[in-house]
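Here is how the chains run, residue by residue.
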Protein chains: 4
Amino acid sequence: MLIILDKYISTENLNTVMARLEQLNVMIQVHEEKDKKVIVVLDGAEYLSLETLEILPGVERIINIKKPYRLVSREYKPADTVVKVNGIPFGGENFQIVAGPCAVENEEQVMIIAKAVKEAGAVLLRGGAYKPRTSPYSFQGLEEEGLKLLAKAREKTGLPVVTEVLDVRDLEVVAYYADMIQIGARNMQNFPLLKEVARLEKPVLLKRGLSATIEEWLLAAEYIMQGGNPRIILCERGIRTFETFTRNTLDLSAVPAIKTLSHLPIIVDPSHGCGKWFLVPPLAKAACAVGAHGLMVEVHHQPSCALSDGEQSLTPGKFHKLMQEINKIKQCLT
Amino acid sequence: MLIILDKYISTENLNTVMARLEQLNVMIQVHEEKDKKVIVVLDGAEYLSLETLEILPGVERIINIKKPYRLVSREYKPADTVVKVNGIPFGGENFQIVAGPCAVENEEQVMIIAKAVKEAGAVLLRGGAYKPRTSPYSFQGLEEEGLKLLAKAREKTGLPVVTEVLDVRDLEVVAYYADMIQIGARNMQNFPLLKEVARLEKPVLLKRGLSATIEEWLLAAEYIMQGGNPRIILCERGIRTFETFTRNTLDLSAVPAIKTLSHLPIIVDPSHGCGKWFLVPPLAKAACAVGAHGLMVEVHHQPSCALSDGEQSLTPGKFHKLMQEINKIKQCLT
Amino acid sequence: MLIILDKYISTENLNTVMARLEQLNVMIQVHEEKDKKVIVVLDGAEYLSLETLEILPGVERIINIKKPYRLVSREYKPADTVVKVNGIPFGGENFQIVAGPCAVENEEQVMIIAKAVKEAGAVLLRGGAYKPRTSPYSFQGLEEEGLKLLAKAREKTGLPVVTEVLDVRDLEVVAYYADMIQIGARNMQNFPLLKEVARLEKPVLLKRGLSATIEEWLLAAEYIMQGGNPRIILCERGIRTFETFTRNTLDLSAVPAIKTLSHLPIIVDPSHGCGKWFLVPPLAKAACAVGAHGLMVEVHHQPSCALSDGEQSLTPGKFHKLMQEINKIKQCLT
Amino acid sequence: MLIILDKYISTENLNTVMARLEQLNVMIQVHEEKDKKVIVVLDGAEYLSLETLEILPGVERIINIKKPYRLVSREYKPADTVVKVNGIPFGGENFQIVAGPCAVENEEQVMIIAKAVKEAGAVLLRGGAYKPRTSPYSFQGLEEEGLKLLAKAREKTGLPVVTEVLDVRDLEVVAYYADMIQIGARNMQNFPLLKEVARLEKPVLLKRGLSATIEEWLLAAEYIMQGGNPRIILCERGIRTFETFTRNTLDLSAVPAIKTLSHLPIIVDPSHGCGKWFLVPPLAKAACAVGAHGLMVEVHHQPSCALSDGEQSLTPGKFHKLMQEINKIKQCLT
């Protein structure tokens, strides 16, 4: 922690700062830069927030030179973490495909899509039973009925399922049916929910918030890991920017950034990332080339009739073609 | 709802679109613009999401010309809504001050601050008992103990209290102690929480999400109103932008925008809006001049020792001076 | 300048850093924080960009603790700068109104509007002769013909005029007719243009770029001041964000921020800030209350026939009413 | 063009709208949607901006359903445009590498780097002679001296050169030395400069503005094409967002978006896109996989001594390794 002072800070103001630091019982060293004073806080300031010192007269800036997260950092664990979802490994050298409908609509729909994505090479089935919808008038999901249909699809296809939970009160039932719990973008900073999934044995898919910085995202993961659950997979799904042609702006630089800062696996969701089906294949290939540990892709057999996100869903045929191209890229990358 | 087609759409593709619309059983009219075809959906499309039609070949764009929210709109209720919090009216011609510490830290702190803000003219006490913190290592709040201290402060000062709820499971206890429930920026789209506060008799303070558009914000309010609770006060608290000097960018244009689009009261939180105490007074005055129905200001008697947000808190002295200036502006505005 | 090193940096890598610093001939001190090494660069690093050192192995971060601008800073000149435009003072305790059409369209239009804004209390006439238009098919301005009409309006009304220059080659003719030169948002970082206006005797109105941080904006002003022209007035006109209801998001916090960081006058353009005429009056009042040194408002007698920005222009009647309200606020603020 | 009216618009207000449309001499049709009136403007509204009608009472929204650009659109020219730079084809099936230093610093530097990038497979040399720098105290470039060094490097290596122009007055000299003229991000909406390069025979590299939408970017290209120069190559280089870990957020979705909307070639600059050398290789591979027509990469033999952008430059060794990986991806993509 560094405290930058105005070089000409009055003795009285300097004493106030020093008194406060003594009170906090931290070791310090003071140095004079050309026209600043710099206090280097040597120790004891572990998780103290000294930001409030910024309010003291003569204090110009507080600079935290320590990363605010710990357990999820590369420094803490240099080796890649591999998270197994029903035996399927995510992270390290693995590249896995998660696919399925945005929302579970009915049995026929789930079965047709599950069968199709498995044939094309997906290893995990996605599907929403509880849907976070911007409008109260939009389809809100089949809830437990949807979970049962996902379980049925798993029986038929052998694909483990990942599905989103919105409400801590649904966590038990979702965990009962799902193989991996998804925390959606809107809940990335739903701290009670993070604390609850931290208590589970199940792996957690943590999507990046619409306007979350990489640091805030890793701190959300820190909540889960510090709470006892190290089985976390991150998912980049686009951030909110001024651009309106795409639904979000997919931030593929987040993939190598996360791989540098953290040991956790990271996959990419190009469907939400762009919001337009015809942009999904090129972005999926880019996500593979940028070094992601996998993809999560929305597939629907009748996109124009989908109850949600039809405009960003691939048909089984387009998805199958994409998987073949992805395989070619994976081969030449290794 | 308008559907824009490529003028040269093939008969086959046009038939697909028409078949889908017939299936949806909506009345339409088709017209030819210079080099587009325009389908005007006349009726029946109330809450249908026709967006998915965008995926059909030959369809260029779907344009929803109806506002997606209804109950919170001016069209639905032309007159200003006045929400009473323990008899204190928000909205209409009223301008009310909510003030207090960011977080409840201990009895002495709450009492000193509550007394000070009341003397300065605040009519409601704010204070966090459950704190949403970006880092799991930051102070998380005193929880129910904090609620009890707020209740005590209310006894002593007569100020009703508003406090934030993060978890649906805490709603009952929070509602037991609080006079108004706050939904924080990170929970603006926590839909289960919105649906629960919709069932309460208590007024709800709905803060704008960090990256929420005005439309998304009003749709969050629609969740609460459509769920049965019309006692909603909106609170602008800054949005996330590229600017780093301020913690957020306070969007004061949202105040007249909301007053045009909706009948709900809207107040402004300049403390979170800028994140720096010395910017709070000028922004508070601007919020008053722009037509807000009130302010929510963070006050702390020892900002440099605050357990959270000290750098954006006013001292009682500065707050008192600000209230006097605000009163002058209010007078000359009326 | 601070250089943060990994505490466990190898001797070899540390030597590389030290060698480079010696080569740059700067004085340093090295200190050990809990798990970082901190190099404080004491002197000589005035305007060196040491950022490139970040590329050396073992270097974690370079932190510049000195403000990158100098002449425009409060530290350099504590007292407010007052810029006179034809004798009319901007800055300090003054609050001045600049108004007029977005673009000069014809003589009748300029005369009607100039007369109206003067009667309402404007002290400067604005009007575009050279227009930066997003589309090549939009009206590009009357160019020198427009400048002549502005000069005619000045003769008739006595109002000095401010108008935008887009091209260094037009600077001489624009400077010949105008009393103040406007650098528009799109040209805030048009450095050749900044260097040229720096050579003029005329005052310069420097608008904030669409996505410029406050620091970048002040650095643009530094170009002008360092080039020899201290007569600079800053103008906040809204920044680009994700919000689409407003054309831009007016950042009123920039006003007190600039007044803290710099001695230069700052005015606000609510018309471009929001892009909707009905939001202009409340935002203009807010700009006055937040402490701006003045306003720049677009006025048109027939907004629905305006060749540009009609949707954000006030009619003379609405402008006159706004001026009366502004006067009331100004009175109670002093 | 569509004009959305409040269904309950008064006859008087409707007549005003109709009168204005008649005055504009456009053909229209009026239709009633459930609770809106919709006016479809059939013809004659080519490049009229009817936005100003939005100001008329009873008018809710003006919707332009026609793309605002024409010559650069796929509709206008369905086939890919191939732009030749000294015989080197950009666009279509080609994938070309542009590389070199951020800024030309001295003869030795340019020669070493030019030789290295050519050996590694670059076909074009980049290098800045006129530098747009945020601070007036940063290195501003060698100007004509730099152009001469680029020409020398071309002689020695046979690599054509691309370099940036900032000032219309330098265009002649830059065009004399350069094989392609670069319009930088900060000048994407420098309309006088766009109009001048439109008059040249030389190809133009048009970088996306820091906060430019895809539509604004294509409109900037429209300026050049409509002015007479169809030899345009677009370059995605990252947009400004709230994320601070990266210098900009590289928007790779812009590549397939542009390829859908326009016939022009588009390359990607991952160096400015992220601002950190270690993120450049993965993003370069992603740009290749997403379908870009080429790359522009910054290379420096001594990044820690570079006069600008050292922290985002690759060493010749790292660049050589990247080129080999890129070649593998290109092969498996075809």
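Here the structure is a predicted model, which is why all the values come from computation and not from measurement.

Participant: Before we go on, may I ask you to explain the relation of the copies chain D and chain A in this structure?
Facilitator: Applying a rotation about an axis and a shift along it to one chain copy brings it onto the other copy. With an RMSD of 0.0 Å, the fit of chain D onto chain A corresponds to turning through 180° and sliding 0.0 Å along the axis. Expressed as an axis order, the relation between the two copies is that of a two-fold axis. Relative to the rotation axis, the C-alpha of D:A286 is the closest in chain D, positioned 2.1 Å from it. The overlap is high: 100% of the interface residues of chain D also sit at the interface in chain A, so the same surface is used on both sides.

Participant: Explain unusual backbone geometry here, please?
Facilitator: Residues and elements named next belong to chain C. For E143, which is not glycine, the phi torsion reads 55° and is therefore positive. A positive phi angle is found at D309, which is not glycine, with a value near 60°. Mapping D309 onto the fold places it in the loop between β14 (294-298) and α10 (316-333).

Participant: Got a minute to help me understand the interface of chain D and chain A in this structure?
Facilitator: Frequently, the measure chosen for interface size is the accessible area that the parts lose on association. In this assembly, 35 residues from chain D lie in contact with 35 residues from chain A. Between chain D and chain A, a total of about 2,700 Å² is buried, with carbon and sulfur atoms accounting for 75% of that surface. Of the charged contacts, one joins D:R208 and A:E243 as a salt bridge, the two residues approaching to 2.8 Å between their closest N and O atoms. At the boundary of chain D and chain A, one finds six residue pairs in polar contact (both at pLDDT 80 or more). Of all the elements in the fold, those that place two or more residues in the side of chain D that touches chain A are α7 (254-261), α9 (280-290) and α10 (316-333) of chain D. Grouping the amino acids of the side of chain D that touches chain A by side-chain chemistry returns 21 nonpolar, eight polar and six charged.

Participant: So what exactly am I meant to see when it comes to the relation of the copies chain D and chain C here?
Facilitator: Screw-axis analysis of chain D against chain C gives a translation of 0.0 Å along the axis, an RMSD of 0.0 Å, and a rotation angle of 180°. In this assembly, 98% of the residues forming the interface of chain D have copies in chain C that are likewise at the interface, indicating an isologous arrangement.

Participant: Just checking my understanding: could you explain the packing of aromatic side chains for this structure?
Facilitator: Note on aromatic pairs: each is described by the distance of the centres and the angle between the planes. Scanning all chains against the criterion turns up 12 aromatic pairs over all chains. Here the guanidinium or amino end of C:K276 rests over the ring plane of C:F245, the centre of that ring lying 4.6 Å away.

Rules used throughout
- Residues numbered from 1 in each chain as written.
- Chains lettered and ligands numbered in written order.
- Predicted model: local features only at pLDDT ≥ 70, side-chain atom pairs only at ≥ 80, totals over all residues.
- Heavy atoms only, no water.
- Least-squares fit on C-alpha atoms with pLDDT ≥ 70 in both.
- Contact = heavy atoms within 4.5 Å.
- Helix = DSSP H or I, 4+ residues; strand = E, 2+ residues; numbered from the N terminus.
- Buried area = accessible area lost by both parts, 1.4 Å probe.
- Salt bridge = Lys/Arg side-chain N within 4 Å of Asp/Glu carboxyl O.
- Polar contact = N/O pair within 3.5 Å; in protein donor to acceptor, adjacent residues only side chain to side chain.
- Nonpolar A, V, L, I, M, F, W, Y, C, P; charged D, E, K, R; others polar.
- Phe/Tyr/Trp six-rings, centres within 6.5 Å; stacked < 30°, edge-to-face > 60°.
- Lys NZ or Arg CZ within 6 Å of the ring centre and 35° of its normal.

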